[in-house]
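Fold and contact review
Residues per chain, in single letters:
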Amino acid sequence: MDCLVTIRTIGHGLAAQAVSTAVAKGEEAGCPVVAAVIGGGGELVALLRASGAPFPSSRIAQDKAYTAASFRVSTPEVYQMVSGNPALSIGITVQPGIVMFGGGLPIVIDGEFAGAIGVSGGSEELDIACANAGLSAIGAEKQ
């Protein structure tokens, strides 16, 4: 019996387009950001850091994308899922790579999950706007 599972994941070309558009959106707003795309299997596919973006933003952008890819929802939705359970809320926050503030969005193309994008370096609202710009650029569903 063959038990292989195929995981659809975003390719490099679309991932590069998404991070490039997200970083450009930050630059338009006068704020250097970092954008990362994680594939459907949890692998880093693309990362772009604008000149002047805070150093920690590279890791935070990846963590936002990783979180959104892991749970297949936006990072604030992860917080909503666990906030009613103190033990779960505390437990999930100590897991490596899990963040629950805005800027991480799943990538859904033609109704299929393909990965996630994370943006860090601006306000929570700007990070979300930049991530959504990245989604729009590749024809993914905006959040």
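About the thresholds
- Residues numbered from 1 in each chain as written.
- Predicted model: local features only at pLDDT ≥ 70, side-chain atom pairs only at ≥ 80, totals over all residues.
- Heavy atoms only, no water.
- Helix = DSSP H or I, 4+ residues; strand = E, 2+ residues; numbered from the N terminus.
- Buried < 20%, exposed > 50% of the residue type's maximum accessible area, 1.4 Å probe, protein only.
- Contact = heavy atoms within 4.5 Å.
- Axes fitted to C-alpha atoms, helices over the stretch in contact; angles between N-to-C directions.
- Parallel < 35°, antiparallel > 145°, perpendicular 65-115°, else oblique.
- Left-handed = near helix turned anticlockwise from the far one by under 90°.
- Nonpolar A, V, L, I, M, F, W, Y, C, P; charged D, E, K, R; others polar.
- Pairing = 2+ DSSP bridges.

As for its position among the elements, N132 is in helix α5 (residues 124-137). Note on N132: relative accessible area 9%, which makes it buried. If we skip the residues at most four places from it in the chain, N132 touches L105, K142 and Q143.

The subject of this paragraph is the packing of helix α2 (residues 56-71) against helix α3 (residues 75-82). Contact geometry of α2 with α3 gives a least axis separation of 9 Å together with a crossing angle of 60 degrees. Comparing the axis directions of α2 and α3 gives the class oblique. Where α2 crosses over α3, the two elements pack in a sense that is left-handed. Facing K64, T67, A68 and F71 of α2, the residues of α3 in contact are T75, V78 and M81. Considering only residue class, the contact of α2 with α3 consists of 4 nonpolar, 2 polar and 1 charged.

Here we take up the pairing of strand β4 (residues 112-120). Along β4, 8 of the 9 residues are buried, which leaves the element largely enclosed by surrounding structure. Inspection of the sheet shows strand β1 (residues 34-39) paired to β4 by 6 bridges, in the antiparallel sense. Its bridge partner lying in β4, A36 is registered against G118. As paired strands, strand β3 (residues 104-109) and β4 are joined by 6 bridges and run antiparallel to one another.

Our focus in this paragraph is the packing of helix α1 (residues 12-28) against α5. Contact pair α1 / α5: the axes reach a minimum separation of 7 Å and the direction vectors enclose 140 degrees. If you check the angle between α1 and α5, you find them oblique. You can see that α1 and α5 cross each other, and the crossing is right-handed. Contacts from Q17, A18, T21, A22, K25 and G26 in α1 reach A129, C130, A133, G134 and A137 in α5. Grouping the amino acids of the contact of α1 with α5 by side-chain chemistry returns 6 nonpolar, 4 polar and 1 charged.

A separate point is the environment of L14. Note on placement: L14 falls in helix α1. Here L14 falls in the partly exposed class, since its relative accessible area comes to 35%. Here the alpha-carbon distance between L14 and I90, two residues 76 residues apart in the chain, equals 35 Å. Once residues lying within four places of it in the same chain are set aside, the contact partners of L14 are I109 and I138.

That's the geometry; what it means functionally is another story.
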